[in-house]
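The lines below spell out each chain.
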2 protein chains.
Amino acid sequence: MLISTFKGVDGETNNSKSLEYLTRGGFVHKTGSGLYSFTPVGLRVLQKTMGLVRNHMNLVGGQEVLLPTLQPAELWRETGRWDVYKGTMFTLKDGEGKEYCLAPTAEEAMSDMVRTQITSPKQLPAMLYQFGLKYRDETVRSGLLRTREFWMKDGYSFHMDAKNMAEYYQVVRAAYVQIFRALGIDFRAVAADPGEMGGGGSEEFMARSALGNDQFWFCSENSCLFGAYLDKKPDACPSCGNAVVKAPGVEIGHIFQLGTRYSQQMGLTVDGGDSRPVTMQMGCYGIGVGRIMQVVIDQHHDGRGPIWPEVIAPFTDVIIPTNMRDQTLVAAAERVYSALLLHKDPLLDNRLDITAGEKFAVADLLGVPRKVIIGPRSFAQGNIEIELRTGKKSTIGLEDFIAACSMEAHPAVV
Amino acid sequence: MLISTFKGVDGETNNSKSLEYLTRGGFVHKTGSGLYSFTPVGLRVLQKTMGLVRNHMNLVGGQEVLLPTLQPAELWRETGRWDVYKGTMFTLKDGEGKEYCLAPTAEEAMSDMVRTQITSPKQLPAMLYQFGLKYRDETVRSGLLRTREFWMKDGYSFHMDAKNMAEYYQVVRAAYVQIFRALGIDFRAVAADPGEMGGGGSEEFMARSALGNDQFWFCSENSCLFGAYLDKKPDACPSCGNAVVKAPGVEIGHIFQLGTRYSQQMGLTVDGGDSRPVTMQMGCYGIGVGRIMQVVIDQHHDGRGPIWPEVIAPFTDVIIPTNMRDQTLVAAAERVYSALLLHKDPLLDNRLDITAGEKFAVADLLGVPRKVIIGPRSFAQGNIEIELRTGKKSTIGLEDFIAACSMEAHPAVV
């Protein structure tokens, strides 16, 4: 496994611990300004984030698709957005002078696919989503927070009527709450101006974070979802009555009731009976899957590195034999590794000539939730040690641990 | 499940059955010239192709990463390829006038990551690969065959010396043979000119296909790998002695022994001992994962649609109750579906108001390997019918089939 951690940081991290840890943990490599590569370890976090989001999108009936990122100008001219987005979107021409943009969003491309593929009311409602690269020619900011190229989950739903669309919007909203809670993110839902996206209601999911440029009102009660723009000036949370606090926030998701803003202009109709064409109602649902890993680090870290939730940690467990010259310890570590492979995603740190202390430091900088430590003293009594990334330690018999690993759940030893 | 099949084709398919079936089966949607979207069904084929390739790359020690597709001109100037590729690569500027290209390949970006992340000889050898979008501003050709934007698996290996690199090249070559055989592709390996990639030995994997623009010599023996450019003029296969035939071919993979072509210019060195810097040896390995689905259709289809190998079929089985009004048939179909879900990827076609005949036609146009047909006559005797896409039919007891589904392997009934 290629793991490259760094003791210092080359270049500026803008006093951002999250960017420092992304870099020092070797999760990303800066290829250019606002352009990041994901290393094997970093891609694990990104892919697990995508996997979590994919599961929840499938649970609400979503079907994954994939649209081009290089998009013809004609499509954007159909909705009049070619001129609106010019300046913040990358545009280019091919050798024949034909114009394209690099997708900043994909309403047009998705609508174009749907008008071909969905022709019957029996195919509605439908939710189509993708994990697609998006591009913005904007001032870059703190690591993965605002980049020129980034990964988004963008989903689009299509309905026979506005009521069905509004109901489904609430279903996706609930899925978003589940996703962000699973990631351990402290966030609120803020009623938002739909802006250039057009359409009706819209909410932004804002993570509380000093990385944010803008301030918001956040309900002080963690289980409450209420947030608002500063111009709303609430004295108390209108939802639960608790105090509101002013704090910076970072957008991690945005959902829109688009109505017929795009479907009308692009001719998304189905037969509503009696050959009466019905224009589809449309919703749109984005999650910034690329920036989420930085937001999670921002909210969950200590002086030694990130503290990942298990669901997106690059590894669930690091197994560390404290003395690689002691073959009985190494053999036990290999047994623990094989046992954990059944239901977890472990890493066996069996590097020679690296002290146990250095291995602990690397595991912490990688933010791995659990260390399984196999040292001579406890091993002499048939035990191994479990240390959570959050600090808690415990001891368990090696054989008990291995037996428990064959169960679906992680051994409930800590 | 959004499945849109079409009886006719809008627009030209250049007399290409593969492009016709890609379109009529609703696998892809043309978003623009040389720009394709993947529908839910088409993305299943693409993702399964990627999954197969990923498994084989991991088996040869590969580690997945992800590089930006928008790449700064500086990187390409380091190797002198900015000017070489200009004309076939899309280039663009940001608002500040900074130049970028859309990656036509990724030696520079990968080398840039490796010179930061690999600093010790202990980290070598290493194989890093990605599934990345690639772009070429070239004349588009027949559907997914040559597009402006396409998916490639590109892998890059790094070594301490040329011997190690050459040995590993053979390991990857063997993995490629396994991958293309698993896909059921009729192909040969052709010694090639490395061209703009530079470096030493290079081989192209060519699929025999009328879609190809160029002719090659192919060994007539299917188990033999020998192929050659026409200017080689062999009388018989130098590998097995069988006759050679002249036929058009399509490139599906390309592997290169790059040597130090990039690593020298980009400063990829590790300490070789005594503080002596050693320039890494590099190999490069591409597979055109996007075009593979069209090549497979081209080689495997009949008058009714594609004939996918199970490993990349959008579904492994389609379950068709022939009469949706007969609740006992529908209930049996649901039991079969649940049973198959354990180890397969089935689709239950329980649409109302669509005849069984139409469902058979859709299953064939989707190219699904097996139909499980639940009809009143055989069901009265406790039986269901299995029909392979290749035509073979058989009858099996419902309960026997369901019991067999809980085994790892597919019920060996046909």
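Residues numbered from 1 in each chain as written. Chains lettered and ligands numbered in written order. Predicted model: local features only at pLDDT ≥ 70, side-chain atom pairs only at ≥ 80, totals over all residues. Heavy atoms only, no water.

K.L.:
Teacher, can you tell me more about the interface of chain A and chain B here?
P.N.:
One widely used convention gives an interface's size as the accessible area the parts lose upon coming together. Chain A puts 54 residues into the contact, and the matching count from chain B is 54 residues. Along the contact surface separating chain A from chain B lie two salt bridges. Between Arg148 of chain A and Asp94 of chain B there is a salt bridge whose closest N-O contact spans 3.6 Å. Linking chain A to chain B there are 24 residue pairs in polar contact (both at pLDDT 80 or more). (Contact = heavy atoms within 4.5 Å. Salt bridge = Lys/Arg side-chain N within 4 Å of Asp/Glu carboxyl O. Polar contact = N/O pair within 3.5 Å; in protein donor to acceptor, adjacent residues only side chain to side chain.)

K.L.:
Looking at this model, I keep getting lost on the packing of aromatic side chains. Mind explaining?
P.N.:
Aromatic ring pairs are reported here in terms of the distance separating the ring centres and the angle at which the planes meet. Residue and element names in this part refer to chain A. What the rule picks out here adds up to 24 aromatic pairs over all chains. Consider the rings of Trp76 and Tyr85, whose centres lie 5.6 Å apart with planes at 80°: the pair is edge-to-face. Each member of the pair, Trp76 together with Tyr85, is buried. Joined through ring pairs, the aromatic side chains of Tyr176, Phe180, Phe187 and Phe205 make up one cluster. The residue whose ring lies beneath Arg261 is Tyr262, and the NZ or CZ to ring-centre distance is 4.6 Å. (Phe/Tyr/Trp six-rings, centres within 6.5 Å; stacked < 30°, edge-to-face > 60°. Buried < 20%, exposed > 50% of the residue type's maximum accessible area, 1.4 Å probe, protein only. Lys NZ or Arg CZ within 6 Å of the ring centre and 35° of its normal.)

K.L.:
In this structure, what is going on with the packing of helix H2 (residues 40-59) of chain A against helix H8 (residues 289-299) of chain A? I would like to understand it.
P.N.:
Axis angle and axis distance: for two packed helices, these are the angle between their axes and the distance between the axes, and together they describe the pair. Residues and elements named next belong to chain A. Relative to each other, H2 and H8 sit at 110°, their axes nearing to 9 Å. As far as their axial angle goes, H8 and H2 are roughly perpendicular. Considering the relative orientation of H2 and H8, their crossing is right-handed. Counting all contacts with H2, which are made through Gly42, Val45, Leu46, Thr49, Met50 and Val53, the residues of H8 involved are Val289, Gly290, Ile292 and Met293. Across the contact of H2 with H8, the residue classes break down as seven nonpolar, three polar and no charged. (Axes fitted to C-alpha atoms, helices over the stretch in contact; angles between N-to-C directions. Helix = DSSP H or I, 4+ residues; strand = E, 2+ residues; numbered from the N terminus. Parallel < 35°, antiparallel > 145°, perpendicular 65-115°, else oblique. Left-handed = near helix turned anticlockwise from the far one by under 90°. Nonpolar A, V, L, I, M, F, W, Y, C, P; charged D, E, K, R; others polar.)

K.L.:
Looking at this structure, how should I read the sheet that holds strand S20 (residues 346-348) of chain B?
P.N.:
Across a sheet, strands are paired by hydrogen bonds formed along the backbone, either parallel or antiparallel in direction. Residue and element names in this part refer to chain B. Spatially, S20-S19-S21-S22-S23 is the arrangement adopted by the five strands of the open sheet, whose pairing is mixed. A single partner strand is all that each edge strand has here, and the edge strands are S20 and strand S23 (393-397). This sheet shows a mean twist of 25° between the axes of neighbouring strands, independent of strand direction. Pairing geometry for strand S19 (residues 317-321) and strand S21 (residues 370-374), over five bridges, is parallel. Looking at S21, one finds that Val318 is bridged to Lys371. (Pairing = 2+ DSSP bridges.)

K.L.:
Mind showing me how you'd approach the relation of the copies chain A and chain B here?
P.N.:
With an RMSD of 0.0 Å, the fit of chain A onto chain B corresponds to turning through 180° and sliding 0.0 Å along the axis. Considering both components of the superposition, the chain copies are consistent with a two-fold axis. Within chain A, Leu92 of chain A has its C-alpha nearest the rotation axis, a separation of 2.8 Å. Comparing contact sets, 100% of the residues at the interface of chain A also lie at the interface in chain B, consistent with an isologous, same-surface contact. (Least-squares fit on C-alpha atoms with pLDDT ≥ 70 in both.)

K.L.:
Which parts of the structure should I look at to understand the nonpolar core?
P.N.:
What tends to happen in soluble globular proteins is that the nonpolar side chains get buried as a cluster. Counting residues in hydrophobic clusters, the biggest one holds 141 residues, and the most contacted among them are Phe180 and Ile185 of chain A together with Phe180 and Ile185 of chain B. Beyond its immediate stretch of four places on either side in the chain, Phe180 of chain A contacts Ile185, Phe187, Phe205, Ile252, Gly253, Ile287 and Ile292 of chain A. (Core = buried A, V, L, I, M, F, W, Y, C linked by side-chain atoms within 4.5 Å.)

K.L.:
Looking at this structure, how should I read the pattern of salt bridges?
P.N.:
A side chain with one charge can pair with a side chain of the opposite charge if their charged atoms come near. Residues and elements named next belong to chain B. On inspection of all chains with the given rule, the structure shows 59 salt bridges over all chains. Arg115 is the partner of Asp112 in a salt bridge, and the nearest nitrogen-oxygen pair spans 2.9 Å. Here Asp112 and its partner Arg115 are both found in helix H5 (residues 107-117), three residues apart, which amounts to about one turn of the helix. Judged by relative accessible area, Arg115 falls into the partly exposed class, the value being 27%.

K.L.:
Just checking my understanding: could you explain the layout of surface pockets for this structure?
P.N.:
Gaps left between atoms show up when a probe the size of a water molecule is rolled over them. Residues and elements named next belong to chain B. Approximately 1300 Å³ is the volume found for the largest pocket. If you go around the largest pocket, you meet 46 residues; those closest to its centre are Met1, Ile3, Asp349, Arg351 and Ile354. Ranked by residues supplied to the lining of the largest pocket, first place goes to helix H10 (residues 356-366) with six residues. Among the residues forming the lining of the largest pocket, the class breakdown is 24 nonpolar, eleven polar and eleven charged. (1 Å grid on protein atoms, 1.4 Å probe; cavity = no way out; pocket = protein on both sides within 12 Å on 5 of 7 lines; lining within 4 Å. Points joined across faces, edges and corners; volume = space filled by probe spheres on them.)

K.L.:
What exactly am I supposed to notice about helix H10 (residues 356-366) of chain A here?
P.N.:
Each α-helix turn comprises 3.6 residues. Residues three or four places apart therefore point the same way. Residues and elements named next belong to chain A. Those residues of H10 not exposed but buried are Ala356, Lys359, Val362, Ala363, Asp364, Leu365 and Leu366. Buried residues belonging to H10 abut helix H1 (17-24), H2, strand S18 (305-306), strand S19 (317-321) and strand S21 (370-374). In the stretch just after H10, Gly367 is the one whose phi turns positive, near 75°.

K.L.:
Can you help me understand the environment of Leu342 of chain B in this one?
P.N.:
All names here are of chain B. Turning to its location among the elements, Leu342 is positioned in the loop between helix H9 (327-341) and S20. Note: C-alpha distance between Leu342 and Val114 (228 residues apart in sequence) is 41 Å. Excluding anything up to four places from it in sequence, Leu342 contacts Cys405 and Ser406.

K.L.:
Help me out: how do you make sense of the sheet that holds S19 of chain A in this one?
P.N.:
Residue and element names in this part refer to chain A. Reading across from one edge, S20-S19-S21-S22-S23 is the order of the five strands in this open sheet, with mixed pairing throughout. Strands with a single pairing partner mark the edges of an open sheet, and in this sheet they are strand S20 (346-348) and strand S23 (393-397). Going across the sheet, the axis of each strand differs from the next one's by a mean of 25°, ignoring polarity. As paired elements, S21 and strand S22 (residues 383-388) share four bridges and run antiparallel to each other. Residue pairing in the sheet places Ile373 in a bridge with Glu385 of S22.

K.L.:
Got a minute to help me understand the confidence of the model for chain A in this structure?
P.N.:
A low pLDDT means the predicted coordinates there should not be read in detail. Residues of chain A with pLDDT of at least 70 account for 95%, and the chain-wide mean is 94. Per the prediction output, this complex has pTM 0.96; the corresponding ipTM is 0.95. (pLDDT = per-residue confidence, 0-100.)

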